[in-house]
Amino acid sequence: MASAILASLFHPSEVLALVQYKLAPKTKYDYSNDKARERLYHHLNMTSRSFAAVIQDLDEELKDAICLFYLILRGLDTIEDDMTIDLETKIPYLKTFHEIIYQKGWTFTKSGPNEKDRQLLVEFDVVIEGFLKLKPAYQTIIADITKRMGNGMAHYATAGIHVNTTADYDEYCYYVAGLVGLGLSEMFSACGFESPLVAKRKDLSNSMGLFLQKTNITRDYLEDLRDNRRFWPKEIWGLYAEKMEDLVKPENHDKAKQCLSHMVWNAMGHIKDVLEYLEMIKNPSCFKFCAIPQVMAIATLNMLHTNYKIFTHENIKIRKGETVWLMKESDSINKVAAIFRLYAREINNKSDPLDPHFVNIGVACGEIEQICVGKYPGSTAELARLQAGVMAGTSGSVITAAVVVAGAVALKSTFA
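- As recorded by an unreviewed UniProt entry, the protein chain carries the name squalene synthase and is attributed to Linnemannia schmuckeri.
- Its UniProt record gives the protein chain a comment under Subcellular location (unreviewed entry), which states: "Membrane".

Pasting the structure below:
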């Protein structure tokens, strides 16, 4: 905790959020009276701590359904991603996984020994048991999305992932992320928490997934390159290099940054839809569940913009203090719009006037500002509040206070 506070030293809002998080009583989720359910949430925590937190904060009506939706798709993805499984074995599983989830007692033990989510499949009978207890409406939605995603994965596994055009890029992101957005929206509407319109606006649900996926793909350039995976579309990187891997060469430094700004601009094209979607979500727990990943994405995009480190370092992330602060702030459309305005301004300020996408990114940032001012007028006051916290970071008294707080928290941890 002390190291996280030091990393956020010039961001007092983050320091405050970290301290509040540290000192606040922690929500304890007790599933001990249901061992099968306890095992489900164990697997959720093991596969994704970030998603585990937001899923467990959902209302009880949706919590198990979305937990199981996540674990089923994670199981499918684990089979698809495991290069130790030959295609002849893999393809039938991908194409029939939507049927497998109805088979009591089914488990899978053919994953490679180093596959990090291997145990989820070894104990997949627990997931199936939970799935079969869900309401039929949830089962139908989950099975449909699983079928569509599995068929998409089977297609890419046999034909290869050839992301040549931006249309290919959108299609790939649809299969791995957009479909998740569609399924979640259908569940929100099916349970009655949200209007039927939420499920009907498939274009907006798709954009929710695409914005997250494109941000991750942009960030993971070096990691994917190391694993011989190429998700950046050739239509984009081909403008700046003969080969995608040439972007890491020092002599291509300027071209690499120009390519990066092109990728950032492409991802920003979904923000208008993201805001429109979030405006439709009325249930507080559903709103936070949807909003938190999106504000993390715009914060990550801001970190990536003009940041040459993505070509030299793997596992680049936003600060822990920034993450905690964003989770704390993302509970209303006006606050979320203010966060998008804040980061859009930072992105615009970072842009290089000599970059070929300087104008494009400036226009995209201007559109975010215009949309938020027009549709979410309350975001202006929220933005002023957020900016006050950011600007306070230049104050020596705040820095001193942060150091004192860091020490206090460290001592509390030591003697707890």
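Having seen the structure, we can now continue with the description.
**So, the overall build of the protein chain**
Turning to step 1, where the next piece is worked out: In terms of helices and strands, the protein chain carries 22 helices and 0 strands.
Turning to step 2, where the next piece is worked out: Per-residue burial for the protein chain yields a buried fraction of 51% across its 416 residues.
Turning to step 3, where the next piece is worked out: Of the contacts made within the protein chain by residues no fewer than 6 positions apart, 74% connect residues no fewer than 24 positions apart.

**Topic: the confidence of the model for the protein chain**
Turning to step 1, where the next piece is worked out: In this model, the protein chain carries a mean pLDDT of 89, and residues with pLDDT of at least 70 account for 87%.
Turning to step 2, where the next piece is worked out: Per-residue pLDDT stays below 50 along residues 393–404; that stretch engages in 11 contacts with residues further than four places along the chain or on separate chains.

**A word on the packing of aromatic side chains**
Turning to step 1, where the next piece is worked out: Tallied over the entire structure, the rule returns 19 aromatic pairs.
Turning to step 2, where the next piece is worked out: On the basis of an interplanar angle of 35° and a centroid distance of 5.4 Å, the ring pair of F51 and Y70 is categorised as tilted. Of this pair, F51 sits in helix α4 (residues 49–56) while Y70 sits in helix α5 (residues 60–81), and the two are 19 residues apart along the sequence.
Turning to step 3, where the next piece is worked out: Residue classification places F51 among the partly exposed residues on the basis of a relative accessible area of 32%.
Turning to step 4, where the next piece is worked out: Judged by relative accessible area, Y70 falls into the buried class, the value being 16%.
Turning to step 5, where the next piece is worked out: On the basis of an interplanar angle of 75° and a centroid distance of 6.1 Å, the ring pair of W232 and F311 is categorised as edge-to-face. With W232 in the loop between α13 (221–226) and α14 (234–237) and F311 in the loop between α17 (284–304) and α18 (320–329), this pair connects stretches of sequence that are 79 residues apart.
Turning to step 6, where the next piece is worked out: The structure contains a cluster of three or more aromatic residues connected by ring pairs, namely Y93, F97, W106, F108 and F124.

**Quick notes on the packing of helix α3 (residues 35–47) against helix α8 (residues 124–131)**
Turning to step 1, where the next piece is worked out: Taken N-terminus to C-terminus, the directions of α3 and α8 make an angle of 115°; their axes are 9 Å apart at the nearest point. With respect to α8, the element α3 is oriented roughly perpendicular. As for the relative orientation of α3 and α8, their crossing is left-handed in sense. Packed against α3, whose contacting residues are A36, R39 and L40, the element α8 presents V126, V127, E129 and G130 at the interface.
Turning to step 2, where the next piece is worked out: Grouping the constituent residues of the contact of α3 with α8 by class yields 4 nonpolar, 1 polar and 2 charged.

How each quantity is defined
Residues numbered from 1 in each chain as written. Predicted model: local features only at pLDDT ≥ 70, side-chain atom pairs only at ≥ 80, totals over all residues. Heavy atoms only, no water. UniProt positions renumbered as here; feature names shortened; annotations may be inferred. Helix = DSSP H or I, 4+ residues; strand = E, 2+ residues; numbered from the N terminus. Buried < 20%, exposed > 50% of the residue type's maximum accessible area, 1.4 Å probe, protein only. Contact = heavy atoms within 4.5 Å. pLDDT = per-residue confidence, 0-100. Phe/Tyr/Trp six-rings, centres within 6.5 Å; stacked < 30°, edge-to-face > 60°. Axes fitted to C-alpha atoms, helices over the stretch in contact; angles between N-to-C directions. Parallel < 35°, antiparallel > 145°, perpendicular 65-115°, else oblique. Left-handed = near helix turned anticlockwise from the far one by under 90°. Nonpolar A, V, L, I, M, F, W, Y, C, P; charged D, E, K, R; others polar.

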